[in-house]
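In case you want the letters, here they are:
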Amino acid sequence: GSCIDIPDTMSKALLSSTGPAYGATDEATDPEGPGLTTAEVGKRLAEFGPNELEQQAKDSFLHILVTQMGNFIFLLTSTASFICWATGDEVKATFLICLVCVVCLCNAVGEYSGQDAAAALKQMAPEAATVTRDGRKSSVPVCDLVPGDLVHVAMGDMVPADVRVLAA
């Protein structure tokens, strides 16, 4: 399998793949190296927190719809509709209002259903990963991965975090 390294820069919720490896030394990035020590893992887990997606509050459909109505294009088209109505062109005014309502409704439905993407990603993520720590391979819960961990991935495995590939 391949060996990958979890880089040091990460948000509180999700490991990030930008930046050099934590303590980027030859030993830290050596796929055959001893990996992190248990003490170092504890320190990094305390510093960066668990490797988990934050659970975001789900907005109500009504909230999303109201937000859509505050969109600049919605307001501009509504203003154009009002001007059409004020100048006596009620057909254009009605058409524009109907168009705006349909577009806002479609956007709100799409945004509302898209909120479930994070939950779907969380369900797809593996529960455990194989890492090298203290000089030996072991299986650890994905939430316990830290920057600098040497993660081993075999063909068909799901990648457990944002990582940098060291060897393939």
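In this text the structure is predicted, and so the values were computed from the model without any measurement.

> Hey, could you run me through the overall build of the chain in this one?
On a plain count of helices and strands, the chain comes out with five helices and five strands. Across the 168 residues of the chain, 30% fall into the buried class. For the chain, contacts bridging at least 24 residues in sequence account for 65% of all contacts bridging at least 6. Accessible area for the chain stands at about 10400 Å²; split by element, carbon and sulfur atoms hold 63% of it.

> Which parts of the structure should I look at to understand the pairing of strand E3 (residues 136-141)?
Bridge count between strand E2 (residues 128-133) and E3: six bridges; the pairing is antiparallel. Bridging from a neighbouring strand, alanine 128 pairs with proline 141 of E3. Where E2 folds back onto E3 in an antiparallel hairpin, the turn is made up of two residues, including aspartate 134, whose phi is positive at roughly 55°.

> How do you make sense of the packing of helix H3 (residues 72-86) against helix H4 (residues 90-114) when you look at a structure like this?
Each pair of packed helices can be summarised by the angle the axes make with each other and by the distance between the axes. Relative orientation of the contacting elements H3 and H4 amounts to 160°, with a least axis distance of 7 Å. When the axes of H3 and H4 are compared, the pair comes out roughly antiparallel. You can see that H3 and H4 cross each other, and the crossing is left-handed. Listed contacts from H4 to Phe74, Thr77, Ser78, Ala80, Ser81, Cys84 and Trp85 of H3 are Glu90, Lys92, Ala93, Leu96, Ile97, Val100 and Cys104. Across the contact of H3 with H4, the residue classes tally to nine nonpolar, three polar and two charged.

> Would you mind going over the side chain of aspartate 149 with me for this structure?
Note on placement: aspartate 149 falls in the loop between E3 and strand E4 (150-153). Looking at aspartate 149, its side chain comes within polar contact range of the side chain of arginine 133, at 2.6 Å. A distance of 3.0 Å separates a polar side-chain atom of aspartate 149 from the backbone nitrogen of valine 146.

> Just checking my understanding: could you explain the side chain of glutamate 40 for this structure?
Mapped onto the fold, glutamate 40 is located in helix H1 (residues 38-48). According to the relative accessible area criterion, glutamate 40 is buried, its value standing at 19%.

> Even after reading the chapter, I still don't get the nonpolar core, so can you show me in this structure?
Buried together is how nonpolar side chains tend to be arranged in soluble globular proteins. In this structure, Ala129, Val131, Val140, Val142, Leu145, Val151, Val153, Ala161 and Val163 together form the largest nonpolar core, which totals nine residues. Elements represented by at least two residues in this core include exactly E2 and E4.

> Help me out: how do you make sense of the environment of serine 81 in this one?
Turning to its location among the elements, serine 81 is positioned in helix H3. Aside from chain neighbours lying at most four places away, what touches serine 81 is Ala93, Leu96 and Ile97.

> Please clarify how the pattern of salt bridges should be interpreted in this entry.
A side chain of one charge can pair with a side chain of the opposite charge if their charged atoms are brought near each other. A full pass over the atoms with the stated rule returns four salt bridges. In this structure, lysine 43 engages glutamate 40 in a salt bridge whose closest nitrogen and oxygen atoms are separated by 3.9 Å. Of the two residues, lysine 43 and glutamate 40 both sit in helix H1, three residues apart, roughly one turn of that helix. We note a salt bridge from lysine 92 to aspartate 89, for which the minimum N-O separation is 3.7 Å. A cluster of three or more residues bridged by salt bridges with shared partners is formed by Glu40, Lys43 and Arg44.

> What should I look at first to understand the packing of helix H2 (residues 61-69) against H4 in this one?
Interhelical geometry of H2 versus H4 gives an angle of 135° and a closest axis separation of 9 Å. Considered as vectors, H2 and H4 are oriented oblique to each other. For the pair H2 and H4, the crossing hand works out as right-handed. Along its contact with H2, which presents Phe61, Ile64, Leu65, Gln68 and Met69, the element H4 presents Cys104, Leu105, Asn107, Ala108, Val109, Glu111 and Tyr112. Across the contact of H2 with H4, the residue classes break down as nine nonpolar, two polar and one charged.

Cut-offs and rules
- Residues numbered from 1 in each chain as written.
- Predicted model: local features only at pLDDT ≥ 70, side-chain atom pairs only at ≥ 80, totals over all residues.
- Heavy atoms only, no water.
- Helix = DSSP H or I, 4+ residues; strand = E, 2+ residues; numbered from the N terminus.
- Buried < 20%, exposed > 50% of the residue type's maximum accessible area, 1.4 Å probe, protein only.
- Contact = heavy atoms within 4.5 Å.
- Areas by Shrake-Rupley, 256 points an atom, 1.4 Å probe, with all protein chains shown as cover.
- Pairing = 2+ DSSP bridges.
- Axes fitted to C-alpha atoms, helices over the stretch in contact; angles between N-to-C directions.
- Parallel < 35°, antiparallel > 145°, perpendicular 65-115°, else oblique.
- Left-handed = near helix turned anticlockwise from the far one by under 90°.
- Nonpolar A, V, L, I, M, F, W, Y, C, P; charged D, E, K, R; others polar.
- Polar contact = N/O pair within 3.5 Å; in protein donor to acceptor, adjacent residues only side chain to side chain.
- Core = buried A, V, L, I, M, F, W, Y, C linked by side-chain atoms within 4.5 Å.
- Salt bridge = Lys/Arg side-chain N within 4 Å of Asp/Glu carboxyl O.

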